[in-house]
Amino acid sequence: MKPVRRRIRRHFGLTAKQVAVRSKRPWYFQTGAAFVFVGLGYFAAYWQYATGNESLRQTMLDNQALNTKVIQVERQLQIEQAAQSVLTKELREVQDENIHIKEDLAFYKNMTNSKR
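Residues numbered from 1 in each chain as written. Predicted model: local features only at pLDDT ≥ 70, side-chain atom pairs only at ≥ 80, totals over all residues. Heavy atoms only, no water.

1. With respect to the overall build of the protein chain
Scanning the protein chain from terminus to terminus reveals two helices and zero strands. For the protein chain, the residues scored as buried account for 1% of the 116 residues in total. About 12000 Å² of surface is accessible on the protein chain, with carbon and sulfur atoms providing 61% of the total. (Helix = DSSP H or I, 4+ residues; strand = E, 2+ residues; numbered from the N terminus. Buried < 20%, exposed > 50% of the residue type's maximum accessible area, 1.4 Å probe, protein only. Areas by Shrake-Rupley, 256 points an atom, 1.4 Å probe, with all protein chains shown as cover.)

Dropping the structure here:
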């Protein structure tokens, strides 16, 4: 049992040998890989920006077209409301005139009936 403990202590204890882990790739491969990844990141960011910019332009054009349609519909609604108010006023006047004519007609009928 003791020999197993000694072997474990020798590899994992305070007296264990210092081990350095080193990459087997040369520094210029690591630098090249870093440049490639930075380049890919830049390309992805630029592509995202360019497509987002185009999307933004298209959205702004759609927004402008919709705003124009809204303005046209609001003006049409204002015109219809003005026409409605004019028609309501004229209808009231015609109804009042009709009432006066009916009163005059009833008056003249009474006059003609009373002479007989």
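2. Some words on the UniProt feature "transmembrane region" (unreviewed entry) in the protein chain
Per the UniProt record, the feature "transmembrane region" (unreviewed entry) sits at residues 27–49. Across residues 27–49, helical content stands at 100% and strand content at 0%; the span's end C-alpha atoms are separated by 33 Å. (UniProt positions renumbered as here; feature names shortened; annotations may be inferred.)

3. A look at a negative patch on the surface
On the surface, Glu-90, Glu-93, Asp-96 and Glu-97 cluster together into a negatively charged patch. Structurally, Glu-93 can be placed in helix H2 (residues 27–115). (Patch = residues over 30% accessible without salt bridge, like charges linked within 9 Å, V, L, I, M, F, W, Y side chains within 5 Å. Salt bridge = Lys/Arg side-chain N within 4 Å of Asp/Glu carboxyl O. Lys, Arg positive; Asp, Glu negative; His and termini not counted. Charge placed at Lys NZ, Arg CZ, Asp CG, Glu CD.)

4. A closer look at the packing of aromatic side chains
Within the structure shown, the criterion is met by three aromatic pairs. Taken together, a centroid distance of 5.1 Å and an interplanar angle of 55 degrees make the contact between Tyr-28 and Phe-29 tilted. Under the relative-accessibility criterion, Phe-29 is labelled exposed at 51%. One aromatic cluster is present, formed by Trp-27, Tyr-28 and Phe-29 through successive ring pairs. (Phe/Tyr/Trp six-rings, centres within 6.5 Å; stacked < 30°, edge-to-face > 60°.)

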